[in-house]
Structures are given as C-alpha cells and as structure tokens.
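Okay, here's what each chain looks like letter by letter:
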Amino acid sequence: MIDLIFNMLMIFLLITAFFMVFTKDILTSVITLPIFGAILVVIFVILQAPGPAIAEAVIASGLTTFFFVITINKTEYEQNE
Amino acid sequence: MQISYIAVIILFCLGIYTIISNKNIIKMVMGFTILESSLILLLILISYTPGGTAPILDRQYEIVVDPIPQALALTTIVIGGSVTAVMLAVTIKLYKRYRTLNVDKLRKLRG
Amino acid sequence: MNRINVISKKLYKIGLVVSLAIFLLFIFYDIHNLESNSKRYLSDHYISEGVQETGAINIVTSVLYDYRAFDTLGEATVLLTAAAILSFLVPITKDKMRGTPFTIIVSQTTQVFIPFLAILGMYLIFFGHLAPGGGFVGGVVIALIPILLTITYRVEFSEYKFKPDKKKVSEDIGAIGFVLIGLLGILTGSNFLANGQANVSLGDAGELISAGLIPYLNIMIGIKVGAGLAIIFNSLIKEK
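The rules we used
- Residues numbered from 1 in each chain as written.
- Chains lettered and ligands numbered in written order.
- Predicted model: local features only at pLDDT ≥ 70, side-chain atom pairs only at ≥ 80, totals over all residues.
- Heavy atoms only, no water.
- Axes fitted to C-alpha atoms, helices over the stretch in contact; angles between N-to-C directions.
- Helix = DSSP H or I, 4+ residues; strand = E, 2+ residues; numbered from the N terminus.
- Parallel < 35°, antiparallel > 145°, perpendicular 65-115°, else oblique.
- Contact = heavy atoms within 4.5 Å.
- Nonpolar A, V, L, I, M, F, W, Y, C, P; charged D, E, K, R; others polar.
- Salt bridge = Lys/Arg side-chain N within 4 Å of Asp/Glu carboxyl O.
- Polar contact = N/O pair within 3.5 Å; in protein donor to acceptor, adjacent residues only side chain to side chain.
- Buried area = accessible area lost by both parts, 1.4 Å probe.
- Buried < 20%, exposed > 50% of the residue type's maximum accessible area, 1.4 Å probe, protein only.
- Core = buried A, V, L, I, M, F, W, Y, C linked by side-chain atoms within 4.5 Å.
- Left-handed = near helix turned anticlockwise from the far one by under 90°.
- Expected span 1.5 Å × (residues − 1).
- Phe/Tyr/Trp six-rings, centres within 6.5 Å; stacked < 30°, edge-to-face > 60°.

Novice: Would you explain the packing of helix H3 (residues 50-74) of chain A against helix H2 (residues 25-47) of chain B in this entry?
Specialist: Think of two packed helices as two axes; the pair is described by the angle between the axes and how far apart they sit. Where H3(A) contacts H2(B), the two axes come as close as 12 Å, and the packing angle between them is 175°. By the angle class used here, H3(A) and H2(B) are roughly antiparallel. Each of A:Pro52, A:Glu56, A:Phe68, A:Thr71 and A:Ile72 in H3(A) lies in contact with H2(B), whose residues at this interface are B:Ile26, B:Val29, B:Met30, B:Thr33, B:Ile40 and B:Ile44. Of the residues in the contact of H3(A) with H2(B), the class split is eight nonpolar, two polar and one charged.

And the structure:
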C-alpha cells in the first residue's frame, strides 16, 4: 500500500516539475514551486527523514517562494516566450 | 525503490535542460532549485533502509535509517535557500540595469 | 536558414541532456547494486554509541552539532556571507512594492498569527536535540515574523519594530557566541567544539536540559539564522 502511494507521489513530483518548467506564464510556474516542495515533504516523511522534511517545508517551499514572488514584483511581469 | 532513482535522474536532467535552454533568468534560477531538490532526494534515498525507523532514539530500535546523509541534506537545503536569495538579488540588479531578463538580449547588449 | 539553425541548436541541447541521463542511469545502476550489501561502519557507530556519547536522542542533531559541528560553523558562515553580499549589493533606499494595499482582514490575521509563530520557532529551537527541528528551522520560523510585518504593513513599520542595527548586532552575537562556545572545549583541554570528550555533564538523555552544549549551540544558530534571513529579505525588498 505504502509503495503504491510512494510511486504515485513520485509521478506527481515529475508532473509538477515538468509543468513548472514548460508552462509559459512565469507566475504560474512560481506558484507551482510550493506544490513541488509539499510533495517532496511527504516523500521525505515516507522515507523516515523528519528533520529534512521540516527544513524543506519551511525553507525550500516557504521562504524561497517569498523570494521568487518579490523578484517578479520587482521586475517587469512579462510572458515567457 | 527502482523507480525513484529514475525519477532522480529525470529531475536532474530537467534542471540542467532548464538552465541551458531557457531564455528567462527567473526560469533558470528555478532550474537550479529543481536540480538541488533532486540532489536532496538522492541523499534521502541513499539514507533509507527498508523497515527502518527515523533516527530519533528514544528507546532501542532494531533497524535505524542512516543519519549522516540526512544531516548533509539539511545542510544542502539551508545553503540552497541562501544561494537562491543571492541569485535573485543579482537578477533584480540586472533588470534594473538593462531593463530585460532575456539572456540573448543581455548577450547582445554586451556586444 | 535561421530556423534550421534554431532547431539544430535545440536538438543539440536535448541530445546533450539525454546522453547525460543515460550516463547517470549506468552509474546509478551500480550504486543501487552497491548499496544493498555494503556495511555502514560510521553510521553504525553513531547509531549504537551516539546517545551515550552526546546525550542527544536526535542523531541528526548530534551529527550536526557534535561530531560535525565544524561543518555547521562553515554553513553558518555561508549564511553570513549571503547576508553581507545582499546588504552590499543593495543601497539603503525606500521600498518600491507594487500592488494594492491590504484590507483589514489581512492585517488582523497577521496580528493574531505572530505570537503563534514566535512560540513555534522557540519550540523548534529549544527541542532541537529531542525532536526534528533545530536551530536552522527555528531561526527561519522566527525570521518569518519580520517578513510578515514587511509584507502586510510597509518596510518602514517592520524596520521601526526590528531595527536594522539590532538585527546586525544579533547576527554577530550568534556567530561570535557559536565560536566562544566552541572555545570552551579548548579551555577544558580538549578539541574545538568538543562536548562529551571535554567532560561537560551530559545529563539524562531525553530531558530538556541535557546533551551538554548542544542546546546552547542551537540557540546561537537560531539567533544568527533568524537575524540573517530577516536582513536578506529586507535587503531584497528595499531594492529600488
């Protein structure tokens, strides 16, 4: 059972990563970043690593998203061609 | 666990492809983030042993997962966050100076 | 001609990445075979002796702050360097955030939220040797308080509440305190950042005050990371 959930989470991780890279709108891809991080957190908890899971949840999917949003706010919001 | 190593490879190559082929600098920084996440995932996958418990030993356990790659992963996450912040600050600086985020246009401006 | 050039460039990049993927596939196949029947002598030592030697039941924390504490000092130095680079890159100006002003709901929610964030950060720092968490994560959660103030109200209000000079001083206190606690080991006749070897009383494993110097190192790292990330964020937002 846990193997099935784990494999499905891996596939979701790949789907979010590909969506993040290949979507045209840059704001959409920035908002996909915390979803990617959240799936990674669940994978870490399944793999028995609670310390890196908490760090990933707080830093990589929380703070980094703040930084990206501030950068988009500062630069011109333009479509990626 | 075979499929997860293949997922690590795909994520790593996706990050490298984003860095070398995308035109937008913010997307390139995102490629760095994906690459970093794949490396952290690899460290955690190496640390896992089937049937193990997390390395918090409030009593004696039979099988415990490897604590060293987890400590290294923690280090990688924290350093990755600060490096991303520096890269984004340089991105804002470039935009204020040249008024564009396209890499090709930046190269043409250099001459 | 131009289009053919563009397509060939794209194919070249895709081919490069695919060949890298095949290369990695072979390497990982070997790693996977190696991993199944290899012995982990160092990890086995940490797991079997770590609780007696360091007094912390979270083995990841005992690796980070006792066995490999020198690496943690280097990691903290990287954060210090990042904060220094950002304050050097960005001149001191007023903020220029685009966007609409928030309604009363957002500001009231922020006011309700901040004490819980402070308690969560303190818990993560003080229980770093007993539960997952530690100085880095707790410091980031504490740094979220000035970040929320900056986003909801303006950067002026945030810097009126948390003065930039005080943030810089507290970051320095964190860095210097880490080194001074490390020097305690040399004073007692052992190595730099020694904990159990320097005959510091470890206490009972599992208690709040135990594990020798590890909780104090956690507090120093927490102060340093919180102040450093707040400086980084305010520098990013003050870029004109």
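Novice: Looking at this structure, I do not really get the interface of chain C and chain A. What am I missing?
Specialist: Interface size is often expressed as the accessible area that is lost when the parts come together. Contacts between the two partners involve 17 residues from chain C, matched on the other side by 14 residues from chain A. Applying the counting rule to chain C against chain A returns zero salt bridges. Across the contact surface, chain C and chain A share zero residue pairs in polar contact (both at pLDDT 80 or more). Of all the secondary-structure elements, those providing two or more residues to the side of chain C that touches chain A are helix H6 (135-152) and helix H9 (214-238) of chain C. It is H6(C) that contributes the most residues to the side of chain C that touches chain A, six residues altogether. Each residue belonging to the side of chain C that touches chain A can be placed in one class, and the counts come to 14 nonpolar, no polar and three charged.

Novice: Explain the side chain of C:Ser107 here, please?
Specialist: By the secondary structure assignment, C:Ser107 is in helix H5 (residues 104-126). A polar atom in the side chain of C:Ser107 sits 3.0 Å from the backbone oxygen of C:Ile104.

Novice: Help me understand the interface of chain A and chain B in this model?
Specialist: Chain A puts 40 residues into the contact, and the matching count from chain B is 43 residues. Buried area between chain A and chain B, summed over both chains or domains, comes out near 3700 Å², and the portion from carbon and sulfur atoms is 79%. Interface area lost by chain A to chain B is led by A:Leu47, A:Gln48 and A:Phe68, which between them contribute 16%. Across the contact surface, chain A and chain B share zero salt bridges. Counting the contacts that link chain A with chain B gives three residue pairs in polar contact (both at pLDDT 80 or more). Mapped onto the side of chain A that touches chain B, the elements with two or more residues apiece are helix H1 (2-22), helix H2 (26-46) and H3 of chain A.

Novice: Which parts of the structure should I look at to understand the pattern of salt bridges?
Specialist: Between side chains of opposite charge, a pair can form when the charged atoms approach closely. All names here are of chain B. Enumeration over the complete set of coordinates arrives at three salt bridges over all chains. Among the salt bridges present, the one from Lys 23 reaches Asp 104, with a minimum N-O distance of 3.9 Å. Residue Lys 23 is located in the loop between helix H1 (2-21) and H2, and its partner Asp 104 is located in helix H4 (residues 103-110); the two are separated by 81 residues in the primary sequence. Asp 104 sits in the partly exposed class, given a relative accessible area of 30%.

Novice: For this particular structure, what's the right way to read the nonpolar core?
Specialist: Most often, soluble globular proteins have nonpolar side chains that are buried together. If you look at the biggest cluster of nonpolar residues, it comprises 114 residues, and the most contacted ones within it are A:Leu13, A:Ile43 and B:Leu41. Contact partners of A:Leu13, with chain neighbours within four places excluded, come to A:Phe36, A:Ile39, A:Leu40, A:Ile43, B:Leu11 and B:Leu41.

Novice: Explain the packing of H1(A) against H2(A) here, please?
Specialist: All names here are of chain A. Across the interface, H1 lies against H2 with an axial gap of 9 Å and an inter-helix angle of 160°. Taken together, H1 and H2 sit at an angle that is classed as roughly antiparallel. Seen along the crossing, H1 lies across H2 with a hand that is left-handed. Where H1 abuts H2, its residues Ile 2, Ile 5, Phe 6, Leu 9, Met 10, Phe 12, Leu 13, Thr 16, Ala 17, Phe 19 and Met 20 lie against Thr 28, Ser 29, Thr 32, Leu 33, Ile 35, Phe 36, Ile 39, Leu 40, Val 42, Ile 43 and Ile 46. Counted by class, the contact of H1 with H2 contains 18 nonpolar, four polar and no charged residues.

Novice: Looking at this structure, how should I read helix H4 (residues 69-89) of chain C?
Specialist: In an α-helix, one turn spans 3.6 residues, which is why side chains three or four residues apart end up on the same side. The first and last C-alpha atoms of H4(C) sit 30 Å apart over 21 residues, in line with the 30 Å expected at 1.5 Å per residue. Residues C:Ala69, C:Thr72, C:Leu73, C:Glu75, C:Ala76, C:Leu79, C:Ala82, C:Ala83 and C:Leu86 constitute the buried set of H4(C). At its buried positions, H4(C) is contacted by helix H3 (67-98) of chain B together with helix H3 (59-67), H6, helix H8 (164-187) and H9 of chain C.

Novice: It is not clear to me how H1(B) should be interpreted in this structure. Could you clarify?
Specialist: In a regular helix each residue adds 1.5 Å, so 20 residues correspond to 28 Å; H1(B) covers 29 Å between its end C-alpha atoms and thus fits that length. Among the 20 residues of H1(B), 14 are classified as buried, and the element is accordingly described as predominantly covered.

Novice: Please clarify how the environment of C:Leu193 should be interpreted in this entry.
Specialist: Residue and element names in this part refer to chain C. In this fold, Leu 193 is placed in the loop between H8 and H9. Taking relative accessible area as the criterion, Leu 193 reaches 8% and is therefore assigned buried. When the C-alpha positions of Leu 193 and Ile 214 are compared, they lie 9.9 Å apart, and in sequence the two are 21 residues distant. Here Leu 193 is in contact with Asp 66, Ala 69, Phe 70, Phe 178, Gly 182 and Leu 217, once residues within four sequence places are set aside.

Novice: Where do I start with the packing of aromatic side chains in this structure?
Specialist: What characterises a pair of aromatic rings is the spacing of the ring centres plus the angle enclosed by the ring planes. Tallied over the full model, the rule gives six aromatic pairs over all chains. Centre to centre, the rings of A:Phe18 and A:Phe22 are 6.0 Å apart; their planes meet at 15°, and the pair counts as stacked. In this pair, A:Phe18 and A:Phe22 are both assigned in helix H1, four residues apart and thus about one turn of the helix distant. Measuring from ring centre to ring centre gives 4.2 Å for C:Tyr46 and C:Tyr67, while their planes differ by 20°; the resulting arrangement is stacked.

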